[in-house]
Every structure is written in structure tokens, then in C-alpha cells.
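# Reading the structure
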Amino acid sequence: MTSSVLRAPVESNDGLLSDTVSSNAALRRFLYGLPGVDQVGCEARVATLASRSIKTTSKAQALDLAISMIDLTTLEGQDTVGKVRALCAKAQRPDPEDATCPPVAAICVYPDRVATARAALGNSGVRVASVATAFPSGRSTLDVKLQDTKDAVAAGASEIDMVIDRGAFLSGDYRRVFDEIVAVKDACGQASLKVILETGELVTYDNVRRASWVAMLAGAHFIKTSTGKVQPAATMPVTLVMLEAVRDFRETTGRQVGVKPAGGISTAKDAVKYLVMVNETVGDEWLDPAWFRFGASRLLNDLLMQRAKLSTGLYGGPDYYTLD
Amino acid sequence: MGFDYAPALESRSIVDISSSYGLFIDGEFVEASGPSFKSVSPATEEVLAEISSADAADVDRAVQAARRAYTRTWSVMSGAERAKYLYRIARIIQERSRELAVLESLDNGKPIREARDVDVPLVAAYFFYYAGWADKLEYAGFGAKPRPLGVAGQIIPWNFPLLMLAWKIAPALAAGNTVVLKPAETTSLTSLLFAEICQQADLPPGVVNIVTGAGSTGQALVAHPDVDKLAFTGSTEVGKAIARSVAATNKPVTLELGGKAANIVFDDAPIDQAVEGIVNGIFFNQGHVCCAGSRLLVQESVYDDVLARLKRRMATLRVGDPLDKNTDVGAINSSEQLTRIRELSAVGESEGAERWSPPCELPDRGFWFAPTIFTGVSQAHRIAREEIFGPVLSVLTFRTPAEAVEKANNTPYGLSAGVWTDKGSRILWMANQLRAGVVWANTFNRFDPTSPFGGYKESGYGREGGRHGLEAYLAH
């Protein structure tokens, strides 16, 4: 495992892409010039990747890697200070009985719980991520979204998960989506920015690819599938399209962008399938918490149970792991 | 950090391989008169079993058994009763699918993933599909009272041993014919396991007979005067010989022969899926596919992009032990085939094409060939004209749709073609221009029992699969 710290982004090759965002029309032309995604072919590729058989040592490696990539998340109206503290304890030592179990990458909370998380995590290395920008719908004024972001950063968040304006995207106003991401990124200061596309509302894979590019062009450090509040949330085909997008973006600009599927990934088996997909689509360089994350809550316990099963041969059952 | 997949071997213990096999005639395994030969695993060269070689007298016994079964049982049985047997066979195939997949992978060299996910499910699907036709033949569009032809002699190749068996036996039996089938010399084992399944299904003796052996066994079957119908899948050379030998008779023949399919990628194609389709088109089953997309035609404006993506994707192909569940490309079926692939690849280099393979470690024993592409290929090169039947892709370019069509059709073959574009109207236009029996749009190597399959020109005649596939086994 290397660092779980987001690396400073390499500055993009502005000359190559500055024309593409000079106007909505130019941006639209660029996005519609991207190769299309064939739905049947994309889903068939995912089915093949999902049939890989990951056993023994590679399974152990994958389970630990998946744990270290989790953004352990609680985004409920009923979240309390106590719950956030409990989650922070678990984030640092997911399996208290096994010191070899790695910590997760980050805790993900609403802005008003950031300070609690920040204090609970101290200098453990586990980062604090906060959703912002009128999460999950994003239906507010830009001023409110920017203030939301600044509040979270001021409270100690080092990662901001923003939502894009899906209404603007679906109506063809790509430049508006772009400008908003640029503004939020500016408000993030030193914090890194994950851009949530909410792919369940974008519906088509072509839209997912275009939204990925808008976010990357606007400076996103990460592109993220979903808020978890809309169904369907993360799916493998959607994540495959996003992985292809970050791969192609780095080929074009030299800048690497991370990917975070979030919502609906609840089993170790599914997490391993995602890692296989990362491995065979973008390769080793993304197999690192700095470049790939799982936004999840239930996933961690299943990973812990499978991990214990693999090392001890015994399957403890859910009562031996804390509910969050 | 590297993420290497630990070996994930499918267990061989599910399948019992006898040390030697007889012929399956009249519902029983019997000894052959001819000498036996060894069947080896192409991945390890390990001897799997001794296989009997049927001579002309053995073939005659099999044809006589098929004739008796035809006259006394199968042709007078109602379609609904025949369907029961076919459904039963289909269900047993599903129940014993793992066993069949492991044996197919061992004997043929294909990856267990493909045997398990493609071959065996399709085998069951073809039996289910044709079982459904058995009592509905009057509605198939071949006259009010279509009749079976009699005894069908069927000769199948080694690339999809069990699937080709299903393509031959299922429609023949559904239509009321009985069969004598000869599997390829290097891949007899799953046909013999299928014979056991026929016993398990209580199929009346003589309805299905399996005679193993080499070319001379096939010749005896082709030449037998009491065979009413011949069906052959294999090389164009042997197909021509069969056509010549029956030219003076009134035996109907269906031939499914070689191919040199064009896989055509336009500049507006869904590129990532097209790359998957190119890989699937030529590296599926080690390229031992008659309809393989062995000629890639790329529009010049996206050539560099497609080639870069293709090479990157090829570097992730896992070549090795066919029984490892993570293997993508298995072993070449025989040393003879490996020799041919090596020879034609050497010709490609000497003719001036540029050869490229991803770095890939091949096992020491067995028959192996790394996935290979040739760029800078012209229509005049032998590797652009001759069927290599291996994991070797020839890459050519074109500028206009008309040029793509011209190049795609400029071959003596005409089995299949692929078109990759987001423009629906162009797909339809291309499909009308391409002289190939199957045209895949934004996909490749997709098979379905409801869809007819067959060739133009030297790729053969007659259709297998779908309603059309019944016609070859019905008199009307």
C-alpha cells in the first residue's frame, strides 16, 4: 500500500484543451466528438471481467486494497455526533482484533459533522471528506453551494464531494456545469475535489462519458458515480465508462484523475470485481487509494468478514462486527 | 502495485476419462476393426485416451444401425415424442455442463471460461431450440407435409467439437432423421461423452451413431451408398473433395467451410467496444473460428487510435493453462495447426508486413502461439487472403465506405463480416453490400440457435441454425 493521500494534480495541458471550453457551443462540439459507447458491448465487457476468479493470495491482496480504498460514509439526516465518532474509530482500526487490517481511506460526512470527524481522526492519516454544494440534489444558488463548500473546508475537510447540476447538463448547458465545477474547485482551496455525476439521472453511457470529460476539464481530482440517494447508484458498466474516460484524459493531457463508484456496492465479491475492472482497464497506477475509492458503508463489514474467513478459515457472522 | 491473479484451476476430477474408447453404434460402445490412435491434450501433450479408428466396415455397421433405427423407430415416431428425447438430452447437457466443459477444454485446448460460458450453454440452447420444432415441422414453411431425408452422415471439425455436434445432430433428429457422426480426429472425447448422454436419455439405439477416426473414416462415410444426406463443417479443401465425390449422386450436401472475414471499423464507431470486438473476433478460441474476424479494416482517420487501443488491450490477454478460469487464450489444437500458423506468419514477415505480439510467456510443453497482429498488410499479401485459423490478425486500412466494401468482398470466402459504426443507415447499407452469410453490427462472434449461419462462395452452402437449418434435413 502506498500513501492514502491525494497527490497534487499535475497541471493540465491547457493549450490543448482551452479552446474546447471557450463557449457552450465549443464544449458541446468537443463532447459530441468523443467516441460513443455501445451499451450492449459495454455491458458484455463488464460481464466478462466479472467472471474472473480471484482466489487465495490475490483475494487477500484485493480485500486489503478494497478496505484501504473505502470512503466510509454516513449521510443521514439522523446522523449524530456519537455516530460520527464511532465511525471514525472504526475507520482507523476496522478490525480491532487484527492489527494487520489497514485503515480506510476517509470518512465521508455532511459539512456540519466535519469538525467532529476531524477531531476524532486526529493525525491518524484517515482523511475527512465532506459532501457539499446542496448535496444530494444540487438545487440551490451558486452562492449557497460555494458557502457550503467553504464551510466544510474551514471545518477541516480535506476532500470535497460536490454534485453537478444535472438539470443544466440534461438541458445541454454544459458550460454552466463546467463553470460551477471551476467555481467550487476554487472554493476548495487546498482540499481536493470529487465531482459526483449522479449517473442514475444521466441515464445513458454517452452522457456518463461526456459528464466525465466536463468534470475533468474543469479540474476535478476525482469523478464519482453517485450520491447514493438516487437509484441506480454505482454500476460496473458506468464505472467502466468513467475508467475509460480517465485513461483517455491522461493520454490527452498527462493529468491523472481518480474514480469513485459510490452507492450500492455492499459485498466483498462486488468490490473485488471492481478492482479487477480497474486492473484490466487502467492498470496498476489506479490501484491505489489515491486514485480509486469506494463510497460505501455496508461494504466494510463484508470485507472484514471475508478477510477473517480467508486468514482463519472461520466465518464469524455479522454479529461479530459493529453496525454503524 | 501489481495485482496478479493467483492460479484458479478448474478441477479435472469431475470428468472420468477412460483409457480407451470404442465406437458408438446401435446404442452401444463397440470395438472397431481399425487401429487405435492417441488423443492428446494440446496444452500439455499428455495422452488423454486411446481412440478407435473406424474403417469402412465399421462405418457400414453404423449406417445400417442408423437405417434400422430410421425405418423402425425414429421416422414413424410422432414429432412430439421425438421432442421429448431432445428436451431430455438438452436437460442432461445442462446438468452435466461442468463435466462437458472441462472435457472440452482438456481435449481441445480452449479456455475453460469459453467452454463453460459459450460452448456448453449454446450446445444446450441448440437442442432446446430444435426440440421445439420437432412437432411443428408443418409450420416451418417447407410444405404441408415435410418428410425427413433418412440417414445423415455428418462430419465435424475440431474447433468447437461439441457445439458443431449440436448444430448437426439437433436439427437432423428434430426433423426425423437418424445420424452417423464423425468427430475430428484430435477432438473425439466430448462426442463420446455425448454418446453416453444419449444412453442416459434412453434414446432409441441407432438414432445417433458416433464413428471416430481420421480422414479415411470420413471418406468411408461420404462414399457410403446408403447415406441420404451429408453435412460437413471444416476446411474448404476437404469440402471441395466431398462436393466432387457426391457430384454424380443425388445426395443433398451442406458445407460450412473456411472464411477470411473482414471486421470493418468506421471513424464514428464506439471505439472501446470496437476494440473488444476486434479482440473477440480474432482471439476468441485462439482464432480457431471459421467466421473469425481475421482481417481488420480500419478507417484511416482513426487508425492510430484504434491500433494503440488494440495493442494496449492485447497486453492484458492472459495466455496459458486452459483449465485456469482466468485464461483468455488457450492452446493451439495440434502441432500440425501450430506449424501452419507459424508458416503463414513467417510468410507475412517475409512479404513485408510488420509483426507485433504483446510480451507474453508461453508454456514450455504443448502447442502455443502468442496473440499476433500484422500491420502494413496489403490485399495482395498471403496473410490477407489465406485462412490462418489461429490468433493472427491482419490489419488494413480504407478511406471510404465503398473502399471498405470492395476490400471486404475481395476474397474467395464469404462467411461473415463485422461493421462498427454509430450510424444505423450505414450498417444497413453495408449489410446489403457485403457478400457474407453473417454480418454482425457492433458486435462479433455472437451465436444464437434462432439465427441461420452459413457462407457465400467458397465458405460453403446451406444454412445451419434457425428455421432455415431445418430445410437441410427435410424433403419437400
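Residue indices begin from 1 for each chain and proceed along its sequence in written order. A letter from A marks each chain and a number from 1 marks each ligand, given out in the order of writing. Local features in this predicted model are restricted to residues of pLDDT 70 or higher, and side-chain atom pairs are both shown and tallied only at a pLDDT of 80 or more, whereas totals for entire chains, interfaces and linings draw on every residue.

Once that is clear, we can look at the overall build of chain A. Tallying secondary structure elements over chain A gives 14 helices and eight strands in all. Projected onto its principal axes, the C-alpha coordinates of chain A cover approximately 60 × 45 × 35 Å. Counting every position in chain A, which comprises 324 residues, the buried fraction comes to 54%. Long-range pairs, those at least 24 residues apart, make up 75% of the contacts in chain A with a sequence separation of at least 6. Working definition: helices are DSSP H or I runs of at least four residues, strands are E runs of at least two. Numbering for both runs from the N terminus. Exposure classification rests on a simple neighbour count of other C-beta atoms within 10 Å of a residue's own: a residue reaching 20 or more is buried, one at 12 or fewer is exposed, and one in between is partly exposed. C-beta atoms are placed from the backbone. Contacts are defined on C-beta atoms placed from the backbone: any two residues whose C-beta positions lie within 7 Å are in contact.

To continue, consider the interface of chain B and chain A. Listed by partner, the interface residues are 21 residues for chain B and 24 residues for chain A. When residues of the side of chain B that touches chain A are traced back to their parent elements, those giving at least two are α4 (112-133) and α9 (271-283) of chain B. Among the elements that line the side of chain B that touches chain A, the one with the most residues is α9 of chain B, at five residues.

Turning next to the domain arrangement of chain B. Residue and element names in this part refer to chain B. Looking at the assigned domains, one finds that chain B contains domain 1 (20-257 + 456-475) and domain 2 (262-441). Its C-alpha centre places domain 1 at a distance of 30 Å from the equivalent point of domain 2. At the junction of the two partners, domain 1 supplies 20 residues and domain 2 supplies 27 residues. At the level of secondary structure, the elements contributing two or more residues to the side of domain 1 that touches domain 2 comprise α3 (97-108) and α4. Considering every element that reaches the side of domain 1 that touches domain 2, the biggest residue donor is α4, with three residues. Its residues placed into classes, the side of domain 1 that touches domain 2 shows six nonpolar, seven polar and seven charged. For the purposes of this description, domain bounds are those given by an automatic or database domain assignment. Any residue outside Ala, Val, Leu, Ile, Met, Phe, Trp, Tyr, Cys, Pro, Asp, Glu, Lys and Arg is labelled polar, Gly included; the first ten of those are nonpolar and the last four are charged.

It is worth spelling out the nonpolar core at this point. Throughout this description, the term nonpolar core refers to a group of buried Ala, Val, Leu, Ile, Met, Phe, Trp, Tyr and Cys residues whose C-beta atoms join them within 7 Å. Core analysis: the biggest nonpolar cluster contains 105 residues, and A66, I107, V195, A215 and I223 of chain A have the highest contact counts within it. Per element, the largest residue contribution to this core is nine residues, and it comes from helix α12 (residues 236-253) of chain A. Among the nonpolar cores identified, the runner-up in size contains 93 residues, and A90, A166, L192 and L230 of chain B belong to it.

Turning to the confidence of the model for chain A, a few remarks are in order. The predictor attaches a confidence to each residue, and that confidence, scored 0 to 100, is pLDDT. Of the residues in chain A, 95% have a pLDDT of 70 or more, and the chain-wide mean is 94. Note that residues 1-13 of chain A has pLDDT below 50 and, in this model, 24 contacts with residues that lie over four places away or in other chains.

So, about the packing of α3 of chain B against α4 of chain B. All names here are of chain B. Running from N to C, α3 and α4 point in directions that differ by 125°, and their axes come no closer than 8 Å. Considering their axes alone, α3 and α4 lie oblique with respect to each other. Judged by the sense of rotation from one axis to the other, the crossing of α3 with α4 is right-handed. Where α3 abuts α4, its residues S97, L100, A101, V102, E104 and S105 lie against I112, A115, R116, D119 and V120. For the contact of α3 with α4, the class distribution of residues is six nonpolar, two polar and three charged. Every angle, taken between N-to-C directions, lies between 0 and 180 degrees, and every axis is a line fitted to C-alpha atoms, over only the stretch in contact when it is a helix. Any angle from 65 to 115 degrees is called roughly perpendicular, while one under 35 is roughly parallel, one over 145 is roughly antiparallel, and all others are oblique. Handedness of a crossing follows from how the near helix is turned relative to the far one, being left-handed for an anticlockwise turn of less than a right angle and right-handed for a clockwise one.

The next point concerns the sheet that holds strand β13 (residues 295-299) of chain B. All names here are of chain B. At least two DSSP bridges between two strands are required for those strands to pair. Strand order across the open sheet formed by seven strands is β14-β15-β16-β13-β12-β17-β18, with mixed pairing between neighbours. In this open sheet, the two edge strands, each paired with only one partner strand, are β14 (354-356) and β18 (438-441). Each strand of the sheet is rotated relative to its neighbour by a mean of 20°, with strand direction disregarded. Pairing of strand β12 (residues 262-265) with β13, which is carried by four bridges, proceeds in the parallel orientation. Paired with N263 across the two strands is L296, which belongs to β13. Here helix α11 (residues 335-350) sits on the sheet and contacts β14, β15 (372-375) and β16 (392-398); the angle it forms with β14, its principal contact strand, is near 135°.

Residue and element names in this part refer to chain B. Note on placement: Q94 falls in helix α2 (residues 79-95). Here Q94 falls in the partly exposed class, since 16 other C-beta atoms lie within 10 Å of it. Q94 sits 31 residues away from A125 along the chain, and the two C-alpha atoms are 9.3 Å apart.

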